[in-house]
Amino acid sequence: MNDRELTTIAVSRAMDNVREGGKPFACLIVKDGEIVVEAVNHVAQEGDPTAHAEIRAIRAAAAEGISDLTGYDMFVTAYPCPMCLGAVYYAQPDRLVYAATREQEGEHYEDGNRLMTLATFYDEYSKPVDERALATAQVEVEDPTGPFREWTAKHPG
């Protein structure tokens, strides 16, 4: 299948999810034009704020033994939120293909909360920590880098 067909399938899956009481997002993980994994947003169904389509698709791929998406493409309904975009970067697909821009999505849909809106969420990350909407504090402990040194000692190189 080509990019247009795959993106159309992602949009169709998102429409089905809306009809079934879910949110308007879907994700396909594709290798060589064939769908390997597909997932829809289940935040409404599960009450889990991390149950976004991209996260669920990456988890489903991992359950099938695919932990590195090199050689795969991801097709999504809309440009990912910062949480999903971070997960996509960690998963390392070759490409991310989306149907709607953030601006197009925002014309019809708002998925914010008391800390952010669709329009402000991306900008939160570029602000200094003490200027973000989420109150954040570092607490001094005896050995804050201990777990990281332990990891490095067990995994040299």
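For the structure, check the block above.
All chains use their own residue numbering, which begins from 1 and follows the written sequence. Residues qualify for local features only when their pLDDT is at least 70, as the model is predicted, and side-chain atom pairs are given and counted only at 80 or more; totals for whole chains, interfaces and linings, by contrast, use all residues. Side-chain figures throughout are based on the complete set of non-hydrogen atoms in the structure, without hydrogens or water.

Would you take a moment to explain the environment of Val37 for this structure?
Only DSSP runs of H or I with at least four residues qualify as helices, and only runs of E with at least two residues qualify as strands; both kinds are numbered from the N terminus onward. Inspection of the secondary structure puts Val37 in strand E2 (residues 34-40). Residues Val37 and Ala135 lie 98 residues apart in sequence; the distance between their C-alpha atoms is 37 Å. Working rule for contacts: check all heavy atoms of both residues, and any pair within 4.5 Å makes them a contact. If we ignore the near neighbours within four places in the chain, the residues touching Val37 are Cys27, Leu28, Ile29, Ala57, Ala60, Ala61 and Glu64.

Please clarify how the nonpolar core should be interpreted in this entry.
One recurring pattern in soluble globular proteins is that nonpolar side chains are buried together. As used here, the term nonpolar core means buried Ala, Val, Leu, Ile, Met, Phe, Trp, Tyr and Cys residues forming a set that is joined through side-chain atoms within 4.5 Å. Accessibility here uses a 1.4 Å probe with only protein chains present; expressed as a share of the type maximum, an area under 20% marks a residue as buried, one over 50% as exposed, and anything in between as partly exposed. By size, the foremost hydrophobic cluster in this structure holds 26 residues, and its most contacted members are Cys27, Ile29, Ala57, Ile58, Ala61, Leu69 and Met74. Sorting the residues of this core by element identifies strand E1 (26-31), E2, helix H3 (53-63), strand E3 (73-78), helix H4 (82-91) and helix H6 (118-124) as the ones contributing at least two each. The element that contributes the greatest number of residues to this core is H3, accounting for 5 residues. Apart from residues lying up to four places away in sequence, Ala57 is in contact with Cys27, Ile29, Val37 and Ala39.

Looking at this structure, how should I read the pairing of E1?
Regular strands show a simple pattern: their side chains alternate between the two faces of the sheet. With 5 of 6 residues buried, E1 lies mostly within the body of the structure. Sheet analysis places E1 next to E2, joined by 6 bridges and oriented antiparallel. In the strand pairing of E2, Ala26 is matched with Val40. Connecting E1 to the next strand, E2, in antiparallel fashion are 2 residues, including Asp32 with a positive phi near 50°. Any two strands are treated as partners once DSSP identifies two or more bridges connecting them.

Everything listed here is a matter of coordinates, which is why it stays silent on function.
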